[in-house]
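Chain and residue survey
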Amino acid sequence: MNEVDAPVRDAPGPAGPGGPGPRDLRTLLDEGTRAVVDRGDLRTGRDRFERAFRVAESAGEDRAMAVAALGFGGLWVHEHRTVAGSVLLESRIRRALETLDPRSSLALRLRIRLAGEGDYRNRDTTAVLELLEQARAGQNPMARAEALSLAHHCLIGPEHGALRRELAAELVAESFRTARRSDLLMGLLWQTVDMFLDGDPHAERCLSELRGLLAEQDHLAVGFVVSAMEVMLAVRAGRLDEAETLARACTERGIAAGDVNATVWQAAQLVTIRWYQGRVVELVPLLSEVVNSPTLSAVDDHALAALAVAAVTAGDRRKAVSALATLCGRDLGDLPRSSSWMVTMHGVAEAAFLLDDTATAARVHELLSPYAHLPIVGSLAVACFGSAHHALGVAALTLGDVDRAVAHLRDAVRQNLALGHWPAVTASWERLAVALVRAGRPDEADAVRREMAVAAGSAGATPGTDGASGPRERDQDRPGRDRPDQDRPAQDERDRRGQDHDRSNGGRKSPDRGDLDLKDRHGRNRNGRDSGGMDEGGPEQEGQAQDGQEPDGQEQSPASCTRLGRKWRVGFGGRSVLVDHSVGMLHLVVLIANPRQEIRAVDLVAGLTALDGAAERSVPSGQRALDRVAMREYRGRLARLRVELDEFQAAGDLERAAVAQAEHDWLLGQLASATGLAGRARRFPDGGERSRVAVSKAVRRALDRIAAADPVIGEHLRHAVHTGVRCSYWPA
């Protein structure tokens with residue numbers, strides 16, 4: 001091998017006159033190579049290669065400059081996410097190429113890197129695959145290994161599974177020629193990723209082999225990806241609390257490795273966990289920031305789809321529609337088929353369902369159908385939403401094609417069971433029951449619910465988990481379970497009529513959409529039915545409350561809460577009642593969804609800030625009950641509501657007028673409680689005490705309304721719900 005084809009580890013040529021000595025440049029290049037290749041320390045590698053490039057450029061060391069430019073690209077494709085970083089990398093590569101013999105292996109390796117960067121952004125693999133063929137025909141094993149890995153990364157899309165597997169296997173074989181441990185690790189990593197993306201039942205075998213190699217000698221970059229896979233597997237098993245702990249550790253590993261995906265993957269993991277906890281509504285502020293983050297890949301659209309779902313769940317229909325329109329653009333089919341494309345389609349299907357967007361649902365069904373056999377796995381297997389058949393079933397439900405929805409959702413249950421993804425199994429079972437009810441097959445829907453109950457009972461006996469290894473029994477609160485099916489159309493119509501007119505109060509879909517129940521923390525619900533709505537409102541009896549035991553003589557299940565439009569269905573012991581949405585009901589829903597677990601009042605109040613540890617910090621004494629901005633917005637909303645009230649009353653639209661009047665009265669009450677003499681803002685005591693008082697009062701009002709509608713349910717909740725600094729729900 002001549003000097004121009006030497007590996008990266010080789011020393012640069014002699015220094016120019018008056019320039020830095022070759023030893024300084026060699027040290028920087030060697031340190032950069034060891035950081036990236038041996039340790040997977042991408043941050044240190046970037047630093048050393050950055051400094052080496054500047055030294056080599058000023059000293060006229062052409063080959064050293066080329067080696068530094070190559071190393072500056074890093075291990076993965078598209079490590080430099082910002083516009084400035086991406087342009088800097090490519091300009092350095094082009095500058096280095098001008099100084100090299102185009103026939104050299106080093107020049108080929110630079111061209112491979114340049115093609116990989118461009119093809120990844122443009123989702124066109126033509127250039128990198130052509131250069132891979134040139135590398136295969138050449139004599140430099142490192143050029144082949146780098147071309148295989150970069151080409152594989154560019155092919156992370158659902159349509160390239162077979163080709164990716166070939167490249168990963170070839171990279172493992174090539175690693176024994178390069179004698180670089182990092183090539184072996186990357187080959188095994190890509191094989192593991194491919195198996196998870198394909199839903200291969202033996203994916204964890206390959207992962208175990210990779211873990212073994214990392215146990216012998218760590219590699220920060222590869223270890224970061226493996227730790228992300230561990231989060232995904234914990235979610236699949238339903239161990240959502242554990243998954244959240246693992247996600248924090250994973251982020252720390254990513255930061256230590258200097259991986260640009262550290263915070264991006266953390267957001268994706270949190271979305272997945274909150275999705276199955278029924279708390280996705282909490283993520284609206286986070287997702288609103290993530291979608292505009294410069295660290296988000298140019299071909300990654302999953303955050304925008306998640307934002308659409310979270311926004312409509314929170315009652316912000318305008319934001320949801322805008323996010324979905326941005327995604328669809330001229331045609332939803334124009335979205336790049338990147339590593340996050342399947343997850344994006346899953347989110348779009350859900351958002352279209354919640355927004356009754358049949359056109360988008362039809363397009364999602366068309367685009368996703370060729371990949372129905374695959375699981376919805378994001379990026380390098382860092383998140384999983386179960387079978388693609390689930391999203392297809394949701395799209396079919398939106399279109400009203402219930403028979404097709406049933407077929408898809410049955411397939412989704414089967415595939416999710418094979419994946420061992422219990423939260424996704426529960427989601428598909430719930431949607432399947434809804435589809436069967438819509439199809440006029442209530443007996444089959446009951447059979448699905450019984451199957452869920454059996455699975456829940458089996459999972460409850462599994463030791464060593466945090467209670468989420470399988471779906472918990474909530475049979476009595478499935479749609480159509482607690483009132484005759486013939487009563488459903490009237491209730492459906494009532495909920496549909498008002499769903500678009502009370503965004504502030506979180507207007508929702510019909511009870512057929514009510515399969516999105518807020519259940520326990522471990523995979524009971526796909527989307528939390530939370531909103532910033534009214535705090536006051538009276539109960540409405542939901543037909544006759546039904547006495548009696550659970551079906552088949554089972555013990556009474558704990559209470560349940562299901563969102564139905566602007567109301568909550570509260571069920572217990574075969575009885576159920578509809579209660580208006582309120583802040584107190586939101587607190588009750590969280591407590592009921594987490595039976596026998598103490599939750600701090602400050603966490604119930606804090607919402608998203610609690611995720612960042614803000615709840616640990618005491619709120620200073622004397623904080624205003626409502627700040628100036630909030631009071632200004634409340635008063636502005638009151639002014640708009642008065643105008644709307646006049647318009648609705650003039651048009652004879654009594655239903656809209658009633659909704660507007662309720663919100664108007666609630667806002668007045670909030671302002672009255674938050675202001676004192678001369679309209680000055682009242683001040684709360686310390687944060688913990690403030691939260692205790694607020695939660696206790698809100699929950700007490702909600703319990704009063706429930707008890708007024710159904711004394712049996714109310715009596716149960718009065719005895720089982722405990723409030724204070726720590727709150728909990730303890731069913732018998």
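Bear in mind that the values here come from a model prediction, so they are computed numbers and not experimental data.

Section: the overall build of the chain
Of the regular secondary structure elements, the chain holds 29 helices and nine strands. Out of the 732 residues in the chain, the part that is buried amounts to 58%. In the chain, the proportion of contacts linking residues at least 24 apart, taken out of those at least 6 apart, comes to 68%. Total accessible area computed for the chain in this model is approximately 28,400 Å², and 51% of it derives from carbon and sulfur atoms.

Points about the pairing of strand β1 (residues 375–378)
Where burial is concerned, the two faces of β1 agree: the one with P375 and V377 and the one with I376 and G378 are both buried. Sheet topology note: the β1/strand β2 (residues 383–387) ladder contains three bridges and is antiparallel. Bridge pairing in β2 places G378 opposite A383. Where β1 folds back onto β2 in an antiparallel hairpin, the turn is made up of four residues, including S379, whose phi is positive at roughly 55°.

Some points on the pairing of strand β6 (residues 575–580)
Of all six residues in β6, six are buried, a share of seventy percent or more. Where strand β5 (residues 567–572) and β6 come together, six bridges link them in antiparallel fashion. Pairing of K567 across the sheet is with D580, part of β6. Linkage of β5 to β6, two consecutive antiparallel strands, is achieved through a turn of two residues, within which G573 is found at a positive phi near 55°.

Observations regarding the nonpolar core
In this structure, W76, L189 and W190 are the most contacted members of the largest nonpolar core, which totals 160 residues. Residue contributions to this core peak at twelve residues, all from helix α11 (residues 220–236). Apart from residues lying up to four places away in sequence, L189 is in contact with W76, L210, V222, V225 and M229. By size, the runner-up hydrophobic cluster in this structure holds 28 residues, among which are I599, V695, L703 and I713.

Here's the deal with the packing of aromatic side chains
Within a pair of aromatic rings, the relevant descriptors are the distance that separates the centres and the angle that separates the planes. The final tally for this structure, using the stated rule, is five aromatic pairs. Seen in terms of ring centroids, F224 and W265 are 4.8 Å apart; in terms of plane orientation they differ by 20°. Their pairing is stacked. Within this pair, whereas F224 is found in helix α11, its partner W265 is found in helix α13 (residues 262–277), the two being separated by 41 residues in sequence. Each member of the pair, F224 together with W265, is buried. Ring centres of W341 and Y371 lie 5.6 Å apart, and the angle between their planes is 85°; this geometry places the pair in the edge-to-face category.

Quick word on the packing of helix α19 (residues 388–399) against helix α21 (residues 422–438)
As a packed pair, α19 and α21 sit with axes 11 Å apart at the nearest point and diverge in direction by 30°. In terms of axis orientation, α19 runs roughly parallel to α21. Between α19 and α21 lies a crossing whose hand is left-handed. On α21, the residues touching H390, V394 and L397 of α19 are A427, S428, R431, A435 and R438.

Thoughts on the sheet that holds strand β8 (residues 721–722)
Strands belonging to one sheet form pairs held by backbone hydrogen bonds; the direction of such a pair is parallel or antiparallel. With antiparallel pairing, the three strands of this open sheet are ordered in space as β7-β9-β8. Each edge of the open sheet is held by one strand with a lone partner, namely β7 (599–600) and β8. Where helix α24 (residues 583–593) meets the sheet, its contacts fall on β7, β8 and β9 (726–729), and the angle it forms with β9 comes to roughly 65°.

Some words on helix α7 (residues 141–154)
For α7, spanning 14 residues, the distance from its first C-alpha to its last is 20 Å, which sits close to the expected 20 Å at 1.5 Å a residue. Regarding α7, its N-cap is N140, as a side-chain oxygen of that residue lies 2.9 Å from the backbone nitrogen of M142 further along.

Re the confidence of the model for the chain
Looking at the chain, pLDDT values average 80 and 76% of them are 70 or higher. Confidence over residues 1–19 falls short of pLDDT 50; this stretch has 46 contacts with residues more than four positions distant or in other chains. Confidence drops under a pLDDT of 50 for residues 460–555, and excluding neighbours within four residues, the segment shows 318 contacts in the predicted structure.

A few points about the environment of V413
Tracing the sequence through the fold places V413 in helix α20 (residues 402–419). Put simply, V413 and G386 are 27 residues apart on the chain and 9.0 Å apart in space, counted from C-alpha to C-alpha. In contact with V413, other than residues within four places in its own chain, are V425, S428, W429 and L432.

A closer look at unusual backbone geometry
The phi dihedral of R123 is positive, around 55°, even though this residue is not glycine. Within the secondary structure layout, R123 lies in the loop between α5 (105–122) and α6 (126–137).

What about the packing of α5 against α6?
Two elements in contact, α5 and α6, have axes whose closest approach is 8 Å; the angle formed by their N-to-C orientations is 155°. Relative to α6, the element α5 lies roughly antiparallel. Taken as a pair, α5 and α6 cross one another with a handedness that is left-handed. Here L108, R111, I112, A115, G116 and D119 of α5 lie close against α6, whose contacting residues are T126, A127, V128, L131, Q134 and A135. For the contact of α5 with α6, the per-class residue count stands at seven nonpolar, three polar and two charged.

Examining the pattern of salt bridges
This structure, assessed with the given rule, holds 37 salt bridges. The residue R46 makes a salt bridge to E79 at a minimum N-O spacing of 3.3 Å. Here E79 lies in the loop between α3 (62–72) and α4 (83–97) and R46 lies in helix α2 (residues 42–59), a separation of 33 residues in the sequence. Residue class for R46 comes out partly exposed when judged on its relative accessible area of 21%. In this structure, D401 engages R404 in a salt bridge whose closest nitrogen and oxygen atoms are separated by 3.5 Å. Sharing partners across several salt bridges, the network here consists of E31, D47, R48 and R51.

Things to note about the side chain of H80
Tracing the backbone shows H80 in the loop between α3 and α4. Accessibility expressed as a relative area gives 9% for H80, which makes it buried. Here the side chain of H80 touches F72 through a polar contact of 2.8 Å, landing on its backbone oxygen. Those residues in contact with H80 that sit more than four places away from it in its chain are R46, F72, G73, G85, S86 and L89.

Quick notes on the environment of R121
Secondary-structure assignment places R121 in helix α5. Spatially, the C-alpha atom of R121 lies 8.5 Å from that of S297, the residues being 176 residues apart in sequence. For R121, the residues in contact, after removing those within four places along its chain, are H78, S86, E90 and V299. There is a polar contact of 2.7 Å between the side chain of R121 and the side chain of E90.

Calculation notes
- Residues numbered from 1 in each chain as written.
- Predicted model: local features only at pLDDT ≥ 70, side-chain atom pairs only at ≥ 80, totals over all residues.
- Heavy atoms only, no water.
- Helix = DSSP H or I, 4+ residues; strand = E, 2+ residues; numbered from the N terminus.
- Buried < 20%, exposed > 50% of the residue type's maximum accessible area, 1.4 Å probe, protein only.
- Contact = heavy atoms within 4.5 Å.
- Areas by Shrake-Rupley, 256 points an atom, 1.4 Å probe, with all protein chains shown as cover.
- Pairing = 2+ DSSP bridges.
- Core = buried A, V, L, I, M, F, W, Y, C linked by side-chain atoms within 4.5 Å.
- Phe/Tyr/Trp six-rings, centres within 6.5 Å; stacked < 30°, edge-to-face > 60°.
- Axes fitted to C-alpha atoms, helices over the stretch in contact; angles between N-to-C directions.
- Parallel < 35°, antiparallel > 145°, perpendicular 65-115°, else oblique.
- Left-handed = near helix turned anticlockwise from the far one by under 90°.
- Expected span 1.5 Å × (residues − 1).
- Polar contact = N/O pair within 3.5 Å; in protein donor to acceptor, adjacent residues only side chain to side chain.
- pLDDT = per-residue confidence, 0-100.
- Nonpolar A, V, L, I, M, F, W, Y, C, P; charged D, E, K, R; others polar.
- Salt bridge = Lys/Arg side-chain N within 4 Å of Asp/Glu carboxyl O.

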